[in-house]
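In case you want the letters, here they are:
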Amino acid sequence: MNTSESRNPSIASKLGEVDPQIVEITAKDLKRQQDSLMLIPSENYASRAVMEIQSSILANKYAEGYPGERYYNGCQFMDEVESLAIERAKALFGAEHINVQPHAGSQANMAVYHALLEPGDTILGMSLSQGGHLTHGAGVNFSGNYYNIAMYGVDAETERIDMEEIARLAAQHRPKLIVVGATAYPRQFDFAAWRHVADSVGAYLLADIAHIAGLIAGGAHPDPVPYGDVITTTTHKTLRGPRGAMIMCKAEYADKIDRAVFPGLQGGPFLHTIAARAVAFKEASAPAFKTYQAQIVKNAKALAARLIENDFRLVSGGTDNHLMLIDLTSKYEKLSGRQAADHLEDAGIIVNKNTIPFDKRKPRTTSGLRLGTPMITTRGMKEDEMVLVADFIAETLENRQKASIKRQIRGKVKELCAQFPIYEYLQ
Ligand code: DSN
């Protein structure tokens, strides 16, 4: 692949003239994305259609407000774009009300808290070190600073969420809002059980489905919409859209949520990415999306099974969704997640270090690796390739001090990746 082939044709011709330097850097990352096994579970390859609309003239317009009630003139087509995105998201998820304006997942969660809580109110959320997200109450995040936080984690024995313990914590702390959702939890959520706990203490239930939104839309994970008062998600993970987020809620919270997003926290919406979300929702409503999401899960199970055959211990013993956590201590007591991720990068395998439940190491070091299958599934890999991927991981870590072996594996990774090109215009 050369530089001109590797440019997005919708932008490259002019950009190449104006800024060859930035084109060159982008081309290098495109090559990296093509030649590497990208296993970070929160990432994905957005479709070419999604990328094209993101670099369109829709980026030129201010449209503060909502369809039909803008603070700027000239918004009639912005209204059409945003209404279409909302309509398609509603058809996909079946929610009563949807706000597609949050710029990112953190802003979406912030808007929910701003809409439903007062500073100092209690939130029950999953601890970051056990699989939660920064915005679920981490001390270093606004959520941990402005709200009173009670934390849940997983059971020490099963490494799964124990709903009896959640009910006990809810009764003890009487939260005003409970967050169900995670960034590093390999099992499914029983949203009906969470609703039951929320009702038992009169709490709002927020389901943060950022990681699993695609699985839910594709029928590969239970649906939170009948149970959550509010549901937040990003649009760029398993959902395979552009970077961004949205909030779904029951009709009774619609005004509060909308006012919290704008004018509460944000100004002008990014209509070019809202249009790209609309495109992604259309893609996600096609039958092929169901097959794709089912394959993500099948691939994760196949990868997990082969890692176990290679003597790695996985947190909770496996996976039911798109991701898994390797507990490195079970095989290499002295190898941290940070070191292991760097060794794997030498071999062209991109994963991220992650704490495991009850980790003795710090978040910057960790004893675990978090791996997911959305990206390698997007490029067409199936169960047979998962066996190869797991073996590459095992071989790399076993030979981590041998640069020549890591180079050989790098070559094999590149060959495998060459069989699964990431974008059709690169072929
Ligand atoms: N940063 C994301 C992740 O990697 O899981 C969550 O927002």
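The preceding data block contains the structure.
Residues numbered from 1 in each chain as written. Predicted model: local features only at pLDDT ≥ 70, side-chain atom pairs only at ≥ 80, totals over all residues. Heavy atoms only, no water.

Caption draft 1: Geometry of the overall build of the chain. What the chain contains, in helices and strands, is 16 helices and 15 strands. Here the C-alpha atoms of the chain give a radius of gyration of 22 Å, agreeing with the 22 Å that 2.2 N^0.38 yields for 427 residues. The C-alpha extent of the chain, read off along each of the three principal axes, is 60 × 60 × 35 Å. A buried classification covers 57% of the 427 residues belonging to the chain. Across the chain, the fraction of contacts at a sequence separation of at least 24, relative to all contacts at a separation of at least 6, is 72%. Taking the average place of the 47 positive charges on the side chains of the chain and the average place of its 49 negative ones, the gap between the two points comes to 5 Å. (Helix = DSSP H or I, 4+ residues; strand = E, 2+ residues; numbered from the N terminus. Rg over C-alpha atoms; globule rule 2.2 N^0.38 Å. Buried < 20%, exposed > 50% of the residue type's maximum accessible area, 1.4 Å probe, protein only. Contact = heavy atoms within 4.5 Å. Lys, Arg positive; Asp, Glu negative; His and termini not counted. Charge placed at Lys NZ, Arg CZ, Asp CG, Glu CD.)

Caption draft 2: Up close: the pattern of salt bridges. The final tally for this structure, using the stated rule, is 18 salt bridges. Here Asp 29 ties to Arg 32 by a salt bridge, and the two come within 2.6 Å at their closest N and O atoms. Taken together, the residues Asp 29 and Arg 32, both in helix α2 (residues 20-35) and three residues apart, mark about one turn of the helix. Glu 159 is paired through a salt bridge with Arg 313; the nearest N and O atoms lie 2.9 Å apart. Residue Glu 159 is found in the loop between β6 (148-152) and α7 (163-173), and its partner Arg 313 is found in strand β11 (residues 313-314); the two are separated by 154 residues along the sequence. Classification of Glu 159 by relative accessible area gives buried; the value is 8%. When salt bridges with common partners are traced through the structure, they connect Arg 70, Asp 79 and Glu 82 into a single cluster. (Salt bridge = Lys/Arg side-chain N within 4 Å of Asp/Glu carboxyl O.)

Caption draft 3: Structural context of the sheet that holds β6. Spatially, β4-β10-β9-β8-β7-β5-β6 is the arrangement adopted by the seven strands of the open sheet, whose pairing is mixed. Because the sheet does not close on itself, it has two edges, and the strands there are β4 (97-99) and β6. Here the strands of the sheet are splayed against their neighbours by 20 degrees on average, with no regard to which way each runs. Of the pairings in the sheet, the one linking β4 to strand β10 (residues 245-249) comprises three bridges and is antiparallel in character. Bridge pairing links Ile 98 to Met 248 in β10. Along the sheet, helix α4 (residues 76-93) contacts β4 and β10; its crossing angle with β4, the most-contacted strand, is approximately 130 degrees. (Pairing = 2+ DSSP bridges. Axes fitted to C-alpha atoms, helices over the stretch in contact; angles between N-to-C directions.)

Caption draft 4: A look at the pairing of β10. β10 sits mainly inside the fold: five of its five residues count as buried. Burial along β10 is two-sided: the residues Ala 245, Ile 247 and Cys 249 and Met 246 and Met 248 are all buried. Relative to β10, strand β9 (residues 230-234) is paired through five bridges, and the arrangement is antiparallel. Along β10, the bridge assignment pairs Ile 231 with Met 248.

Caption draft 5: View of the sheet that holds strand β14 (residues 352-354). Sheet architecture is open: four strands sit in the order β11-β12-β15-β14, paired in antiparallel fashion. Across the chains shown, the open sheet's two edge strands, defined by having one partner strand only, are β11 and β14.

Caption draft 6: Molecular detail of the site of the ligand. With respect to spatial proximity, the complete set of residues near the ligand consists of Ser 42, His 133, Thr 183, His 211, Lys 237 and Arg 370. The contact in question runs from an oxygen atom of the ligand to an N or O atom on the side chain of Arg 370, over 2.8 Å. For the ligand, whose unbound accessible area comes to 230 Å², protein coverage reaches 64%. Considering only residue class, the shell around the ligand consists of no nonpolar, four polar and two charged. (Near = heavy atom within 4 Å. Polar contact = N/O pair within 3.5 Å; in protein donor to acceptor, adjacent residues only side chain to side chain. Areas by Shrake-Rupley, 256 points an atom, 1.4 Å probe, with all protein chains shown as cover. Nonpolar A, V, L, I, M, F, W, Y, C, P; charged D, E, K, R; others polar.)

Caption draft 7: Quick peek at the packing of aromatic side chains. Using the criterion set out here, one finds ten aromatic pairs in the structure. Judged by centre distance (6.0 Å) and plane angle (45 degrees), the rings of Tyr 113 and Phe 142 are tilted. Taken together, the residues span a long stretch of sequence, with Tyr 113 in helix α5 (residues 105-116) and Phe 142 in helix α6 (residues 142-146) at a distance of 29 residues. Phe 142 matches Tyr 113 in its accessibility class, with the two residues each being buried. Summarising the aromatic geometry, the rings of Phe 189 and Phe 191 are spaced 6.0 Å apart at their centres and angled 35 degrees between planes, so their arrangement reads as tilted. Taken individually, Phe 189 and Phe 191 each receive the classification buried, so the pair is uniform in this respect. Each member of the aromatic cluster is reached from another via a ring pair, and the members are Tyr 66, Tyr 71 and Phe 262. Across the ring face of Tyr 332, the terminal group of Arg 400 is positioned such that the distance to the ring centre comes to 4.5 Å. (Phe/Tyr/Trp six-rings, centres within 6.5 Å; stacked < 30°, edge-to-face > 60°. Lys NZ or Arg CZ within 6 Å of the ring centre and 35° of its normal.)

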